[in-house]
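Okay, here's what each chain looks like letter by letter:
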Amino acid sequence: MKKNRFIWLVALVMSLFLLTACGQAADQDEQNTLLKLATTTSTEDSGLLDVLLPEFTADTGFEVDVIAVGTGQAIVLGENGDVDVILVHARAAEDAFVAGGHGVDRKDVMYNDFLIIGPANDPAGIKGETNVITALQKIAQTESVFVSRGDNSGTHIMEQNLWNEVGIEPQGEWYREVGQGMGETFRMADEMVAYTLIDRATYLFNRDNYTLEPAAEGDERLFNPYGVIAVNPDKYDHVNYDGAVAFIEWLVYDKAQKMIEVYGVDELGQALFVPNAE
Amino acid sequence: MDVIWQGVKEGFFLILSLDQELVSITVLSLQVSLTALFIAAFLGIPVGAALALKKIPGKKMILNIIYTFMGLPPVLAGLLVYLFLSSRGPLGEYQLLFTPTAMIIAQFLLALPIVAGLSARAVMTQRQEVYDTAVTLGATRRQAVWAIIRESRLGIIAAITTALGRVMAEVGAVMMVGGNIKGKTRVMTTSIVLETRMGNDSTAIAIGIILLSISFLITFFIIALEKRSFKDDSSIHIV
């Protein structure tokens, strides 16, 4: 008798699981109002999407699922048709994505900028430097500890291009590739009392928690443009192309562009992004 | 499917080419996980045996806590170790953060409850007869206890292999306290995360295959030892 009751209990729990699973399956019908957006962790971390997406949903009726990954992975998700639209910042990779027939309707959205932050005692002597090439040169010469994303992200690619321009292939005990996201890299650089290249949004959001200070900033080479691209519907007929187009058009029009322009001013004292859609 | 296939192929090429970076990642993975496991076994088996055999006040509660910690999320273990080792933390002065030592500490915390909890279980399943027989045969109390632990070795070995699986496969803790620094604290699981994030799916699968192969070899070795120690007389024959 006791055993019987146990079996009934197990059966009850299992049927509850099945019911919830069915509930999820039913959601599939709403897929045409669901838009899957792959974007970079730095975009997600900036909090901008939390402000934009509810407005977008209110205006158009599309719900957005955000998948925040590295730029490399975001692009692969698009290539595999696992998402409907991507919002990334790696111009060369974006152009290759479109040229390869994986994406259509690429539009500029906005840009932000990067800066080099470092310890307050500034061992490389670069505080106030506006030429990022000179700054990196001095870091390498003094072998001051520098933390690199090392993950092929948009930020890492930018850093590598800058080192190329310096004409140095950074290596040695002072150069540490951590292969992690921007937030983790900031945390690690702070622990190691090191220099690192960081996007302004992540820096402003976290600066109160850490001790590193801006060292070199303002170089045009540190501007970082974002593009939005729809996954090519000719390649995957299951992608939500209507939703992707609605998202792209909404992003480049006045309302969203204005929201981007003022985002961060109230909270952090400076804007995080500069809208630049045409 | 192509990606998986290519990953398998690339995996074999990578193993055959003995890629320098891959070798050092693999060696570091083994160093960290095996050291953590060794320390956990060294402390966990006696603790487990003591919990099973001795009269300790609050024993049930202690066991309950140990069983709960068997499910400790690796990221949480990592976060705790991070907060202790951080330069702002109580042990910050030792500068252990982002070193293999930090990774060993975190994995030790994950392995210890598994070794202790499952060892306790294994010893508990032994019957009174084992102790009584040993005593009748003239064993001292100490020798009789040792006999019980020896009789539990199958379960204790299972505890160790389970803990090994846990630490070898774990990524959250080593990512947090090791920092995945290239050439310093990057291990196989953190490489898999990194390669996946970079969109190099086949390389990630290749490293995964190496990881599983190594786990297979270690388990194979442990089971071979176990077989030898039991000869064949312990296996159950169903007729």
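(A) Structural detail: the overall build of chain A. Looking only at helices and strands, chain A features 12 helices and 10 strands. Along the longest, intermediate and shortest principal axes, the C-alpha atoms of chain A span 75 × 55 × 40 Å. Residue pairs in contact within chain A that sit at least 24 positions apart in sequence constitute 74% of those at least 6 positions apart. Accessible surface for chain A amounts to roughly 13,200 Å². Of this, 52% is attributable to carbon and sulfur atoms.

(B) Local environment of the packing of aromatic side chains. Residues and elements named next belong to chain A. Throughout the structure, instances matching the rule amount to 14 aromatic pairs over all chains. Ring plane angle 5° and centroid distance 6.0 Å describe the contact between F146 and Y175, whose orientation is recorded as stacked. A residue pair is termed long-range when its members are at least 10 positions apart, and F146 in strand β5 (residues 146-148) and Y175 in strand β6 (residues 175-177) qualify at 29 residues. By the burial criterion, F146 is buried, and Y175 matches it. An angle of 45° between the planes, with centres 6.1 Å apart, marks the rings of F186 and Y203 as tilted. Placement of F186 in helix α8 (residues 182-192) and of Y203 in helix α9 (residues 200-206) is noted, with a sequence separation of 17 residues between them. Since its relative accessible area comes to 6%, Y203 is described here as buried. Taken together, F56, F62, F247 and W250 form an aromatic cluster joined through their ring pairs.

(C) Up close: the interface of chain B and chain A. Between chain B and chain A, the residue contacts involve 21 residues of the former and 23 residues of the latter. Where chain B abuts chain A, roughly 1,700 Å² becomes buried across the two surfaces, and 47% of that area is made up of carbon and sulfur atoms. Its largest share of buried area at the contact with chain A, chain B owes to R88(B), R197(B) and M198(B), together 35% of the area lost on that side. Where chain B packs against chain A, one counts one salt bridge. Close ionic contact of E177(A) with K182(B) constitutes a salt bridge, the shortest N to O distance being 3.5 Å. At the junction of chain B and chain A, the tally comes to nine residue pairs in polar contact (both at pLDDT 80 or more). Secondary-structure elements contributing two or more residues to the side of chain B that touches chain A are α9 (172-178) and α10 (188-197) of chain B. Here the residues of the side of chain B that touches chain A sort into eight nonpolar, seven polar and six charged.

(D) Summary view of the domain arrangement of chain A. Residue and element names in this part refer to chain A. Looking at the assigned domains, one finds that chain A contains domain 1 (31-111 + 225-275) and domain 2 (113-222). Taking only C-alpha atoms, the centre of domain 1 and the centre of domain 2 are 27 Å apart. Residue-level contacts link 13 residues of domain 1 with 11 residues of domain 2. Of the roughly 1,100 Å² buried between domain 1 and domain 2 on both sides combined, carbon and sulfur atoms contribute 61%.

(E) Structural detail: the side chain of Q73(A). If you trace the backbone, Q73(A) turns up in helix α4 (residues 71-79). Using a relative accessible area of 17% as the deciding quantity, one classes Q73(A) as buried. Not counting residues within four places of it along the chain, the set of residues in contact with Q73(A) comprises T196(B), R197(B), M198(B) and G199(B).

(F) Up close: the nonpolar core. Residue and element names in this part refer to chain A. In this structure, F56, V85, V228, F247, L251 and F273 are the most contacted members of the largest nonpolar core, which totals 87 residues. Built from parts of two domains, this core gets at least three residues from each of domain 1 (31-111 + 225-275) and domain 2 (113-222). F273 has contacts with S46, L48, M110, Y111, N112, A201, Y226, I260, E261 and Y263, leaving out every residue within four places of it along the chain. In terms of nonpolar packing, the next biggest core, distinct from the first, is built from 22 residues, V132, A140, L162 and A215 among them.

(G) Broad picture of the pattern of salt bridges. All names here are of chain A. Enumeration over the complete set of coordinates arrives at 14 salt bridges over all chains. Note that R91 is salt-bridged to D108, the shortest N-O span being 3.8 Å. You can see R91 sitting in helix α5 (residues 91-99) and its partner D108 sitting in strand β4 (residues 103-118), a full 17 residues away along the chain. Among the residues examined, D108 registers a relative accessible area of 22% and is labelled partly exposed. Overlapping salt bridges bring together R91, E94, D95, R106 and D108 as one network.

Criteria and thresholds
- Residues numbered from 1 in each chain as written.
- Chains lettered and ligands numbered in written order.
- Predicted model: local features only at pLDDT ≥ 70, side-chain atom pairs only at ≥ 80, totals over all residues.
- Heavy atoms only, no water.
- Helix = DSSP H or I, 4+ residues; strand = E, 2+ residues; numbered from the N terminus.
- Contact = heavy atoms within 4.5 Å.
- Areas by Shrake-Rupley, 256 points an atom, 1.4 Å probe, with all protein chains shown as cover.
- Phe/Tyr/Trp six-rings, centres within 6.5 Å; stacked < 30°, edge-to-face > 60°.
- Buried < 20%, exposed > 50% of the residue type's maximum accessible area, 1.4 Å probe, protein only.
- Buried area = accessible area lost by both parts, 1.4 Å probe.
- Salt bridge = Lys/Arg side-chain N within 4 Å of Asp/Glu carboxyl O.
- Polar contact = N/O pair within 3.5 Å; in protein donor to acceptor, adjacent residues only side chain to side chain.
- Nonpolar A, V, L, I, M, F, W, Y, C, P; charged D, E, K, R; others polar.
- Domains from an automatic or database assignment.
- Core = buried A, V, L, I, M, F, W, Y, C linked by side-chain atoms within 4.5 Å.

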